[in-house]
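Structural features, examined
Each chain is listed here by its residues.
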Amino acid sequence: MARAENKESAGPATRLVADIARMMRLQKGMTQEQVGVETGFSAAAVSAMETCAQPASDQMLVALGRVLGDELGIFEQAREYVRLDKYPAQFKNYVLLEQKAVGLCLYATLVVHGLFQTEAYARALIGGGYPPLSEQRVEELVEARMARKALFDREPVALIELILEEAVLRRTIGSREVMRDQLSHLAEYGRRRNVTLQVLPLDCGVSGEHAGDRGGMTLVETPEHDHLAYLEPQDESLLISDPAKVSTYAQRYAKIRSQAMGPRESLGLIERLAGEPE
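Residues numbered from 1 in each chain as written. Predicted model: local features only at pLDDT ≥ 70, side-chain atom pairs only at ≥ 80, totals over all residues. Heavy atoms only, no water.

Here the focus is the nonpolar core. In terms of nonpolar packing, the biggest core is built from 41 residues, with Leu104, Phe116, Leu169 and Leu186 touching the most fellow members. For this core, the secondary-structure elements that each account for two or more residues are helix 7 (92–100), strand 1 (103–108), strand 2 (159–165), helix 10 (166–170), helix 11 (176–190), strand 3 (195–200), strand 5 (227–231) and helix 13 (263–275). Considering each element in turn, this core owes the most residues, six residues, to helix 11. Excluding anything up to four places from it in sequence, Leu186 contacts Val112, Phe116, Leu162, Leu164, Leu169, Leu197 and Ile270. Ile20, Ala21, Met30 and Val82 belong to the second largest nonpolar core, which has 18 residues in total. (Core = buried A, V, L, I, M, F, W, Y, C linked by side-chain atoms within 4.5 Å. Buried < 20%, exposed > 50% of the residue type's maximum accessible area, 1.4 Å probe, protein only. Helix = DSSP H or I, 4+ residues; strand = E, 2+ residues; numbered from the N terminus. Contact = heavy atoms within 4.5 Å.)

Given below as structure tokens:
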């Protein structure tokens, strides 16, 4: 259900699309009910989009372009910007970098990294978080998270490394079925030529060394070959550009990588866990 407070917090792209859609609808002499029938959405959904109570989904934007006669492709172009409006405020600066990155080095300690999540896993994770979110907000965030996967098939290709704590693979999120599908999804992505997937074993600290004990991190290489570090503790975000600090994070990441299983061994573990009976 659309929420009134969304009208006040709606981003600029959401507001612009709402105004354009309303003007184009009125120009064509159509009611919200008529647009709803033609697009396959309810009149209430069209009204919520026009008042910014609920941002348009990708599917609605495509349908609006078809029904309202969008010769300039405004609604198609707006999809990326409306999607950006849906991300949490602290994440928006980073996701712009992620979409254009030529290289990402990721270390995830608690759950599967968002880029590698299935829709069901993401929905269970976001829907089960605290503070609780409305169903509509959960769906918005799931849709926005799934859209980030376009990075894997983008040209020019991005090189992506992911190191996962073994505990992440053994922590059931959603259900056993959801987790099994998530592990299979991880294995599938781990076989991609532009992806390197490694697992940091549970016994990493037995020898007294555990380079990843300070939590997860993301290292980003931009198209200009600048190097940045991104941290996201407790719903906050920290984007670090200072070369000396980024170098320290890069060295720490390299140490974590050296303590992880190799890619082939890691993939084998994930495949075994995905195939284990319930």
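Now, onward.
Using the criterion set out here, one finds 13 salt bridges in the structure. Across the pair Asp58 and Arg79 runs a salt bridge whose closest N-O atoms are separated by 3.4 Å. With Asp58 in helix 5 (residues 58–68) and Arg79 in helix 6 (residues 74–86), this residue pair connects regions lying 21 residues apart in the sequence. When its relative accessible area of 13% is taken as the criterion, Asp58 is described as buried. Salt-bridge contacts for Glu166 lead to Arg170; the nearest nitrogen and oxygen are separated by 2.9 Å. Residue Glu166 and its partner Arg170 are both found in helix 10; the two are separated by four residues, about one turn of the helix. Overlapping salt bridges bring together Asp58, Glu76 and Arg79 as one network. (Salt bridge = Lys/Arg side-chain N within 4 Å of Asp/Glu carboxyl O.)

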